[in-house]
Amino acid sequence: MENLVKRNSAFPSINTGLFPSVNTFFDDFVSRDLFDWADKNFTTIGSNLPSVNLKETEDKLEVDLAAPGLKKEDFKVEIDNNMLMISSEKEEEKEETRKKDNYIRKEFSYQSFFRSFNLPEYIDESKIEASYKDGILHIVIAKKEGAKRKEHKTIAIK
């Protein structure tokens with residue numbers, strides 16, 4: 001006998017006991033928030049856009065970009081007209097051969113990303129440092145001497 005089971009969704013599933021994972025396939029597929037990308041890890045939606053933390057202190061701006069599995073040589077960090085540009089391209093090719101089994105397997109992969117950030121006018125483009133450790137690209141951008149950040153102002157809506 002089949003039991004009708006209500007789960008926390010709009011679709012009931014029939015539980016036969018034989019293939020419980022198949023019974024919920026349609027329900028799981030339809031209930032996912034495919035278009036809600038807020039605060040998601042982009043690898044779950046097929047993208048490799050790394051997460052970034054931005055921090056501003058009295059004398060510098062700091063950028064931390066999470067990119068595990070890369071090497072410092074894989075990154076390109078540039079600044080042009082107060083635009084910070086961080087990119088990476090990595091190609092990998094693996095080949096495995098066993099002559100006795102007449103077996104050849106060849107795989108290749110390509111991974112890239114590009115992130116850019118508009119920087120404020122008060123940064124000092126001549127004082128930028130970047131380092132990569134434990135999967136985090138850390139960039140420190142100094143502010144110009146005597147430069148002060150403009151005060152935060154709230155605009156009234158009429």
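Before reading further, recall that the structure is shown in the block above.
Analysis parameters
- Residues numbered from 1 in each chain as written.
- Predicted model: local features only at pLDDT ≥ 70, side-chain atom pairs only at ≥ 80, totals over all residues.
- Heavy atoms only, no water.
- Pairing = 2+ DSSP bridges.
- Helix = DSSP H or I, 4+ residues; strand = E, 2+ residues; numbered from the N terminus.
- Axes fitted to C-alpha atoms, helices over the stretch in contact; angles between N-to-C directions.
- Salt bridge = Lys/Arg side-chain N within 4 Å of Asp/Glu carboxyl O.
- Buried < 20%, exposed > 50% of the residue type's maximum accessible area, 1.4 Å probe, protein only.
- Lys, Arg positive; Asp, Glu negative; His and termini not counted.
- Polar contact = N/O pair within 3.5 Å; in protein donor to acceptor, adjacent residues only side chain to side chain.
- Contact = heavy atoms within 4.5 Å.

Participant: Before we go on, may I ask you to explain the sheet that holds strand β9 (residues 136-143) in this structure?
Facilitator: Overall, antiparallel pairing links the 4 strands, which are arranged β3-β4-β9-β8 in an open sheet. What marks the edges here is a single partner per strand, and that holds for β3 (52-56) and β8 (123-133). Strand-to-strand twist in this sheet, taken as the mean axis angle between neighbours without regard to direction, amounts to 15 degrees. Sheet topology places β3 next to strand β4 (residues 60-66); 5 bridges connect them, and they run antiparallel.

Participant: Sorry, what's going on with the pattern of salt bridges here?
Facilitator: Opposite charge on two side chains permits pairing when their charged atoms draw close. Enumeration over the complete set of coordinates arrives at 6 salt bridges. A salt bridge links Glu62 to Lys60; its shortest N-O distance comes to 3.8 Å. Judged by relative accessible area, Lys60 falls into the partly exposed class, the value being 28%. In this structure, Glu78 and Lys76 form a salt bridge, with 3.8 Å as the shortest nitrogen-oxygen distance. Glu78 gets classed as partly exposed once you look at its relative accessible area, which sits at 36%.

Participant: Could you clarify how one ought to interpret the side chain of Asp124 in this entry?
Facilitator: Among the secondary structure elements, Asp124 is positioned in strand β8. One buried charge, Asp124, has no salt-bridge partner; the nearest side chain with opposite charge is Lys127, at 4.1 Å. At a separation of 2.6 Å, a polar atom in the side chain of Asp124 contacts the side chain of Ser126. Beyond its immediate sequence surroundings of up to four residues, Asp124 is in contact with Ile141, Ala142, Lys143 and Lys144.

Fair warning: the whole summary comes from geometry, so function is off the table for now.
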